[in-house]
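Architecture and fold: a report
Spelled out from the first residue to the last, the chains are:
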Amino acid sequence: MMLRSALCALLVLCLGSAGLWAGTDGLRAFTSEQARRLAVQRTPRPVPQAVLEDQDGRGFSLDDYRGRKVLVDFVYTRCRSICGALGAAFQRLSHDLPPASDGAMLLTISFDPQADTPAALKRYAQRYHADSKVWRIARPQDEATLAALLRTFEVVVVPDAYGEFQHNAALHLVDEDGRLMRIFAYDQLEQTAEALQR
Amino acid sequence: MTGRNAWAWGLLLIWVVALPATRRALEASMVAHMLVQIPLLVLAGALLARCIPAKLRRGFEELDAHGVPGMLAAAFASSYWMLPRALDAALSDPLAELAKFWSLPLLVGVPLALSWPRMGPIGRGFVLANAISMIAVVGWLYREAPVRLCSWYLVDQQVLLGNALLALALLAGAGCTLRAFIGPLRRYPPPQAACRMSRST
């Protein structure tokens, strides 16, 4: 009886450890934010063909940037916390990007398209001195496009009690084939710049 | 509550917790998700364990000397559902939610109910000390983490859950300490009576 129980305990130990190992991507991802970064790195995923409107009221599609790398972040322009760090990161990165027609682009997408009219997007662009040749601030044209973008990028937006939003903030690199291939933290500027120019 | 009744109560409890309105209400807050919904599912499993047929129970007991394998299964499964990632997955992925609703009763509630009574005092003390310290560590992590750990919950919910887990660990620790130094002594016969008993046998 003791031997069978010991074997059984060993089996449970192995299965339990394997389950925890698999459930945390080899003890590397304990949060869903870490998990999505690993998942994208392991298996790049195609981004949807989203139609957006930029700070000048011009419509464009994400597909227009096929053949170029695009660094995407998600904000709402009223944000007084984490979006500021994203804006500052994009501002620094934009200084190193030459405004070439085949060079990398920065794209800030608002997940609050009702409030973020082109005028509000323009104010955000002015706040960070965004040059529209390398950095476009845009909003999705409809709710379905926004939902598809948030789903693909696994960006979760939770409204709080003060009319603001809490959301996961990161820098999302879309490659020349239109696939989300890496997600960087907003303080990983050197790695992000290197990946953009590679 | 008879074994047959317990079975019905267990299933009823799972059904009530799984009702869309109850599920939404309990999962709307991180504290209710982890400290109400999850324990209720474990309790449902413990109720289900009371109606396991005697033959199956004997088979389980033969493989569960001192309650160790069962307690290990409960420890692994409950540890997984304390991860922020698991809580997020339960909210965003219906398959993960389904896994939560069957794994907590069957892999935590049932083994706890069957294995706990079979453990000795040292084993129980070991399990309790580890469980309390794990709850305290997880609570501290949720409370002090500089970033939002669960994408689907606000950061103040995270702090609230951390405080609640720390309070739970403190209360459970105090309860166990009191019980260790006060409670069980009353059940033992006084030393002289114990000597008399041993001489007479």
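Quick summary incoming for the structure in this document.

Basis of the calculations
Residues numbered from 1 in each chain as written. Chains lettered and ligands numbered in written order. Predicted model: local features only at pLDDT ≥ 70, side-chain atom pairs only at ≥ 80, totals over all residues. Axes fitted to C-alpha atoms, helices over the stretch in contact; angles between N-to-C directions. Helix = DSSP H or I, 4+ residues; strand = E, 2+ residues; numbered from the N terminus. Parallel < 35°, antiparallel > 145°, perpendicular 65-115°, else oblique. Left-handed = near helix turned anticlockwise from the far one by under 90°. Contact = placed C-beta atoms within 7 Å. Nonpolar A, V, L, I, M, F, W, Y, C, P; charged D, E, K, R; others polar. Buried ≥ 20, exposed ≤ 12 C-beta atoms within 10 Å, placed from the backbone. Arc of directions from axis to C-beta. Pairing = 2+ DSSP bridges. Right-handed = clockwise from strand over helix to strand, strands pointing away.

1. Considering the packing of helix α8 (residues 121-144) of chain B against helix α9 (residues 155-181) of chain B
All names here are of chain B. Axis separation between α8 and α9 bottoms out at 7 Å; the angle between their running directions is 155°. Considering the angle they form, α8 stands roughly antiparallel to α9. When you trace α8 past α9, the crossing you get is left-handed. Listed contacts from α9 to Leu128, Ile132, Ile135, Ala136, Val138, Gly139, Trp140, Tyr142 and Arg143 of α8 are Gln158, Val159, Leu161, Gly162, Asn163, Leu165, Leu166, Leu168, Ala169, Ala172, Gly173 and Cys176. For the contact of α8 with α9, the class distribution of residues is 15 nonpolar, five polar and one charged.

2. Regarding the packing of helix α3 (residues 30-49) of chain B against α9(B)
Residues and elements named next belong to chain B. Where α3 meets α9, the axes come as close as 8 Å, and the angle between the chain directions of the two elements is 35°. When α3 is examined against α9, the residues Met30, Val31, Met34 and Leu35 are found in contact with a partner set consisting of Gln157, Gln158, Leu160, Leu161 and Ala164. Grouping the amino acids of the contact of α3 with α9 by side-chain chemistry returns seven nonpolar, two polar and no charged.

3. Comments concerning helix α5 (residues 143-153) of chain A
All names here are of chain A. All buried positions along α5 are accounted for by Leu146, Leu149 and Phe153. Summarising the axial view, the buried residues of α5 lie within an arc of 65°, below the 170-degree limit, and thus occupy one face. Facing away from the buried side of α5 by over 90 degrees, the exposed positions are Glu143, Ala144 and Arg151. Contacts from the buried residues of α5 go to β4 (70-75), β5 (105-110), β6 (135-140), β9 (171-174) and β10 (179-184).

4. Focus: the sheet that holds β6(A)
All names here are of chain A. Ordered by their spatial adjacency, eight strands build an open sheet running β1-β10-β9-β4-β5-β6-β2-β3, and the pairing between neighbours is mixed. Among the strands making up the open sheet, the edge pair consists of β1 (45-46) and β3 (59-61). Relative to β10, β9 runs antiparallel, the two sharing four bridges. When the sheet's bridge partners are listed, valine 174 is paired in β10 with leucine 180. Each of β1, β2 (51-54), β4, β5, β6, β9 and β10 touches α5; the most contacted strand, β6, lies at about 115° to it.

5. Side note on the interface of chain B and chain A
Contacts between the two partners involve 22 residues from chain B and, on the opposite side, 24 residues from chain A. Sorting the residues of the side of chain B that touches chain A by element identifies α5 (68-80) and α6 (84-92) of chain B as the ones contributing at least two each. Looking at the side of chain B that touches chain A element by element, the count peaks at seven residues for α5(B). Residues of the side of chain B that touches chain A, tallied by class, amount to 15 nonpolar, two polar and five charged.

6. Details of the pairing of β6(A)
All names here are of chain A. Counted residue by residue, β6 has six buried out of six residues, so it is predominantly covered. Burial along β6 is two-sided: Trp135, Ile137 and Arg139 facing one way and Arg136, Ala138 and Pro140 facing the other are all buried. As paired elements, β5 and β6 share four bridges and run parallel to each other. Bridge pairing links threonine 108 to isoleucine 137 in β6. Viewed along the sheet, the connection from β5 through helix α4 (residues 118-127) into β6 turns out right-handed.

7. Examining unusual backbone geometry
Residues and elements named next belong to chain A. At leucine 27, a position not held by glycine, the phi torsion is positive, near 60°. The phi dihedral of histidine 129 falls on the positive side, at around 50°, and the residue is not glycine. Relative to the helices and strands, histidine 129 is located in the loop between α4 and β6. A tally of 10 C-beta atoms within 10 Å means that histidine 129 is categorised as exposed.

8. Let's talk about the environment of B:Ser79
Residue and element names in this part refer to chain B. Topologically, serine 79 is positioned in helix α5. Looking at serine 79, the number of C-beta atoms within 10 Å reads 18, which means it is partly exposed. Along the primary structure serine 79 and valine 42 are separated by 37 residues, whereas in three dimensions their C-alpha atoms are 13 Å apart.

9. Side note on the pairing of β4(A)
Residues and elements named next belong to chain A. Summarising burial for β4: six of the six residues are buried, a large majority. On β4, burial covers both faces: Val70, Val72 and Phe74 on one face and Leu71, Asp73 and Val75 on the other are all buried. Inspection of the sheet shows β4 paired to β5 by six bridges, in the parallel sense. When the sheet's bridge partners are listed, valine 70 is paired in β5 with methionine 105. With three bridges connecting them, β4 and β9 associate as antiparallel partners. Bridging from a neighbouring strand, leucine 71 pairs with leucine 173 of β9.

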